[in-house]
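Working through the structure, step by step
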Amino acid sequence: MSGSTQNSAPLQKHKDANVSDSKDASQPQKPAAQLEEDDEFEDFPIEDWAKEEEVGAQANNTHLWEESWDDDDTSDDFSVQLKEELKKMESRK
Amino acid sequence: MSDQLDSLWADFATAHNEEDGYLLATTISPEPPKHDPARLYNWQRWTNAYSVQTDLRYKLQYNPVLKLDKQEASTWLEVFTAHYAFTGKLLAAEEAQNAGKSREADWSAVYEAWKEVLNALHRGYSRTDFAAWTIPCLYVVGKYLRVFAIKADANAASQRDSSVAFGELQEEEDPYGAASKNEKLEDAARQINRIFALCLSDRSETVLSRKWALYYTANLLFKTYFKLTSISLSKNILRSLAAAGTDIPPISQFPKAHQVTFKYYSGVLSFLEEDYAAAEGHLTEAYALCLSSAQRNIELVLMYLVPTMMLTRHRLPSRQMLSQSPVLEGLFLPITTAIRAADLHAFNAALEKEEEEFVKRRIYLTLERGRDIILRNLFRKVFLAGGFEAPKDGEPGPGARRTRIPVKEFAAALQMAGAEVGDGEGGVDVDEVECLIANSIYKNFMKGYIARDRGIVVLGKTNTFPGTGI
């Protein structure tokens, strides 16, 4: 029984392959119990996918995280109000 | 006998001729393929329990189309014999289910029968009868072992419930106390572990190795342990994989489905151990690599990545990111808005509102740390608002920032932010304020000390708020 001669996974056909033919969410028949636990990862519909299909390669994937809130900007509303409040305190002394 | 099983044997032969493991796996799958929906019924009717071995021998050993060597054919004989018995049990259970008699569906028997299929396959691999390209068969057997275990346990539970509901006496009490309500799933965990060990122990060269099933199997184990809430057992898997080192090909060479799932679970495990740096690494990779159409899985990754990034990078998800998922938006928008606005009152409200969800997903405590960060940022704003001292003689530019700050100023900021520091009579509870300041210092968010008698906080001159640049 000869094996594949390449270095990568010998599972050549995995790009289109399914482990099972039917939808992942359904069971052999109507399930007797809730199968998907809240944090359980779902089966992917395919074993492998091209780079273009990765989340990281999507065009609209740029502005996901806001800049760190560690900024020295003292012009935001809160800081402005705070300065006013502190001035008031100062003048009350 | 008219051979309506042609499709099955054709697929089996093609799979061997083309070394297509996934096609091979469909021949033993509990779900019939789309092009042959009646397969399982035909399989049942094709023979009977007495003749099954003989009939199979013709198909497997005396078949000119298939070129299996004797040992391999003999092992497949075992597998299909077990599979035949399993199919009988499965169809019986499904029939009962469809007839509305769910409680009579014997999923326990289905589980045990499927386990025999697993055992036959396990023997095949142990004897190295099966080449590595066939390992999708291990995926199928492992995956459905979990499925049937969960159904069997659920069935047993509903049977117990119904007998209790009707007040029947339990005739045969389990002498050791209540049988575990996850009896079959616990057994499944042990079986899948056998598969894991089987793959780990393969000494053949990489290309021909069963090691390619390792991450899939590890993922099955993670899912099982999480469901059994024996999450710490997952660490053994990680340890085994780490110990194998370079004996296993790098994860990047495995199918992405295996990689993403593995990184998700690794990330969650790190998260639960409060190793947020590691969690960030794993979850970020899982996120970037994930199939872009797998909405639910993306949500699951972000569920943990959002609290993680909050702590490790002090970054919040953008509105744009949250708007992509109603689930995430509902969970995180109120709390992130509160943090951005340094609004403690809103923060506490947001935390409380979704408390149940957060706790269920085990992210409550991590999110709660957001409060520390709001406080830190608040104090930092006070420091920044405090202005500068006069420059020292002869030195240009503004002096150092003022480092002696009255507690009252912190109190004012806290009140503005909606902190509960009132004394109940319209004034400020100074002790409460000092407590919050002291906590921040203790947690190393702020450097300094409180000079209580003078009512001021003396802050460090350098690196006053570690990690924030001032």
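Residues numbered from 1 in each chain as written. Chains lettered and ligands numbered in written order. Predicted model: local features only at pLDDT ≥ 70, side-chain atom pairs only at ≥ 80, totals over all residues. Heavy atoms only, no water.

**With respect to the sheet that holds strand β1 (residues 404-406) of chain B**
All names here are of chain B. The line we're drawing: Two strands are said to pair when DSSP picks up at least two bridges between them. Helix and strand assignments come from DSSP, with helices taken as H or I runs of at least 4 residues and strands as E runs of at least 2, each series counted from the N terminus. For helices, the fitted axis covers only the stretch in contact; all axes are lines through C-alpha atoms, and the angles between them, taken along N-to-C directions, range from 0 to 180 degrees.
One open sheet holds the 3 strands; their spatial order is β1-β3-β2, and the pairing between them is antiparallel. Where the open sheet ends on each side, the last strands, each with one partner, are β1 and β2 (448-451). Strand-to-strand twist across the sheet, computed as the mean angle between neighbouring axes with direction ignored, equals 25°. Pairing geometry for β2 and strand β3 (residues 456-459), over 4 bridges, is antiparallel. Looking at β3, one finds that Y449 is bridged to V458.

**Points about the side chain of B:K184**
How we decide: Think of it in three bands: residues with accessible area under 20% of the maximum for their type are buried, residues over 50% are exposed, and the middle band is partly exposed, with areas taken using a 1.4 Å probe on protein chains only.
Checked against the element boundaries, B:K184 lands in helix α8 (residues 183-200). B:K184 gets classed as buried once you look at its relative accessible area, which sits at 11%.

**As for the environment of B:L351**
Residue and element names in this part refer to chain B. Inclusion rule: Between two residues, a contact is recorded if the distance between any of their heavy atoms is within 4.5 Å.
Inspection of the secondary structure assignment puts L351 in helix α16 (residues 344-353). Separated by 13 residues in the primary sequence, L351 and A338 place their C-alpha atoms 9.9 Å from one another. When sequence neighbours within four positions are dropped, the list of residues in contact with L351 reads I335, F358, Y364, L367, E368 and R371.

**Looking at unusual backbone geometry**
Residue and element names in this part refer to chain B. One non-glycine residue, T229, lies in the positive phi region at around 50°. Here T229 shows up in the loop between α9 (214-227) and α10 (234-244). The exposed category is assigned to T229, whose relative accessible area is 63%.

**Some details on the packing of aromatic side chains**
Residues and elements named next belong to chain B. Short version of the rule: Two aromatic rings from Phe, Tyr or Trp, using only the six-membered ring of Trp, form a pair when their centres are within 6.5 Å; if the ring planes differ by under 30 degrees the pair is stacked, by over 60 it is edge-to-face, and anything between is tilted. Distance and angle both matter: a charge sits over a ring if NZ of Lys or CZ of Arg is within 6 Å of the ring centre and within 35 degrees of the ring normal.
Considering all chains together, one arrives at 37 aromatic pairs over all chains under this definition. Between the aromatic rings of Y264 and Y265, the centroid separation amounts to 4.9 Å while the plane-to-plane angle is 75°, which identifies the pairing as edge-to-face. By relative accessible area, which is 1% here, Y265 ends up buried. Between K151 and the ring centre of W107, over which it is positioned, the NZ or CZ distance is 4.4 Å.

**Focus on the nonpolar core**
Definition in use: Buried residues of nine kinds, namely Ala, Val, Leu, Ile, Met, Phe, Trp, Tyr and Cys, make up a nonpolar core once their side-chain atoms join them within 4.5 Å.
Residues B:W9, B:L60, B:W76, B:F148, B:F332 and B:L414 are the most contacted members of the largest nonpolar core, which totals 169 residues. Apart from residues no more than four positions distant in its own chain, B:W76 is found in contact with B:F12, B:H16, B:L24, B:I28, B:L60, B:L68, B:F130 and B:C137.

**Re helix α5 (residues 70-98) of chain B**
Put simply, the rule reads: Each residue after the first adds 1.5 Å to the expected span of a helix.
In a regular helix each residue adds 1.5 Å, so 29 residues correspond to 42 Å; α5(B) covers 41 Å between its end C-alpha atoms and thus fits that length. Phi turns positive, to about 80°, at B:G100, one or two residues after α5(B).

**A few points about the pairing of β3(B)**
All names here are of chain B. Here β3 shows a buried face lined by I456 and V458 and a second buried face lined by V457 and L459. Two elements, β1 and β3, share 3 bridges in a ladder whose sense is antiparallel. Counterpart to R404 in the pairing with β3 is V458. Hairpin connection between β2 and β3: a loop of 4 residues separates the two successive antiparallel strands, and G455 in this loop has a positive phi of roughly 65°.

**Remarks on a positive patch on the surface**
Formally: Patch construction takes residues with relative accessible area above 30% that form no salt bridge. Like charges are linked within 9 Å, and nonpolar side chains (Val, Leu, Ile, Met, Phe, Trp, Tyr) are linked within 5 Å. For the accessible areas, the method is Shrake-Rupley and the probe is 1.4 Å, while residue cover comes only from the protein chains on display. The rule for a salt bridge is simple: a side-chain nitrogen of Lys or Arg has to be within 4 Å of a carboxyl oxygen of Asp or Glu. Within this scheme the basic residues Lys and Arg register as positive and the acidic residues Asp and Glu register as negative, but His and the chain ends are omitted. Charged side chains are reduced to one point each, which is NZ for Lys, CZ for Arg, CG for Asp and CD for Glu.
There is a patch of like positive charges on the surface, built from B:K392, B:R404, B:R454 and B:K461. With respect to the secondary-structure elements, B:R454 resides in the loop between β2 and β3.

**Focus on the confidence of the model for chain B**
Residues and elements named next belong to chain B. Test applied: How sure the predictor is of each residue is captured by pLDDT, a score from 0 to 100.
Taken as a whole, chain B shows an average pLDDT of 89; of its residues, 96% reach a score of 70 or greater. For chain B, per-element mean pLDDT is lowest for helix α14 (residues 319-323), which scores 88, and highest for helix α11 (residues 256-272), which scores 97. Predicted complex, confidence summary: ipTM 0.80, pTM 0.83.

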